[in-house]
Amino acid sequence: SLAREVVRLCDRYSSHLIVNTSPGESVYLDAHGVHLTSARLLQLSERPLPKRYWVAASCHNSTEVEHACRIGADFIVLSPVCPSPSHPRAEPVGWPKFRRLVAGARIPVFALGGLGPTHMTQAWHAGAQGLAMISSVWGARDPGAVVRDCLRQRFLVNSANTPGV
């Protein structure tokens, strides 16, 4: 019932809810899409939902990035880029490898893992569509300030790359 209420709120505010579950469960919940773990991703031989749903994929290496592109995912969340307190045993990809993996992707890639607003410019220079931040936003004393900082960073990057912006 919570997921359905969130979907109603998202619809009201022209937003989308993408849930980290099975494709079938995401449809059952009336969500706007599914976020596939890398394990679920690799079990698929084709896009698991029609194009009217978002399909996102968690990726950690070139095999997973290539597979997400092959099955027609809409975007990738590539992690962990930096050391992350939420996944202390995970080996960080690092920015040089992140750049190489993004270069091989034919779909948008978001950076995740140990990141905050200060990484925005570095992420864009590495080819990221943007940042996926969980702890940096929800763990902050003022989550709204973190989001505003991200928006400022976006403006600064666009201003530096596009005269007159």
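Residues numbered from 1 in each chain as written. Predicted model: local features only at pLDDT ≥ 70, side-chain atom pairs only at ≥ 80, totals over all residues. Heavy atoms only, no water.

Caption draft 1: Layout of the state of the cysteines. Inspection of every chain in the model, using the stated rule, returns zero disulfides. In this model Cys59 remains outside any disulfide bridge; the closest cysteine sulfur is found in Cys69, 7.7 Å from its own. In this structure Cys59 comes out as buried when scored by relative accessible area, which is 0%. (Disulfide = S-S within 2.5 Å. Buried < 20%, exposed > 50% of the residue type's maximum accessible area, 1.4 Å probe, protein only.)

Caption draft 2: Representation of the pattern of salt bridges in the model. Counted by the stated rule, this structure contains five salt bridges. The shortest N-O distance in the salt bridge between Asp30 and Arg4 comes to 3.3 Å. With Asp30 in the loop between helix 2 (23-28) and strand 2 (33-36) and Arg4 in helix 1 (residues 2-12), the pair connects residues that are 26 residues apart, well separated along the chain. With a relative accessible area of 46%, Asp30 lands in the partly exposed category. Given a relative accessible area of 27%, Arg4 falls into the partly exposed group. (Salt bridge = Lys/Arg side-chain N within 4 Å of Asp/Glu carboxyl O. Helix = DSSP H or I, 4+ residues; strand = E, 2+ residues; numbered from the N terminus.)

Caption draft 3: Quick peek at the packing of aromatic side chains. The full count for this structure, using the stated rule, is three aromatic pairs. Ring geometry for Phe75 versus Phe110: centroids 5.4 Å apart, planes at 75°, classification edge-to-face. A residue pair is termed long-range when its members are at least 10 positions apart, and Phe75 in strand 4 (residues 75-78) and Phe110 in strand 5 (residues 109-112) qualify at 35 residues. Taking the relative accessible area as the measure of exposure, Phe75 reaches 15% and is therefore buried. Both rings, one in Trp95 and one in Phe98, keep their centres 5.4 Å apart while their planes meet at 75°; by these two values the pair is edge-to-face. A residue pair is termed a helical-turn pair when its members lie 3 or 4 positions apart in one helix, as Trp95 and Phe98 do in helix 5 (residues 95-103) at three residues. Among the aromatic residues, ring-to-ring pairing joins Trp54, Phe75 and Phe110 into one connected group. (Phe/Tyr/Trp six-rings, centres within 6.5 Å; stacked < 30°, edge-to-face > 60°.)

So, to be careful, I would describe these as geometric facts and stop short of saying anything about function.
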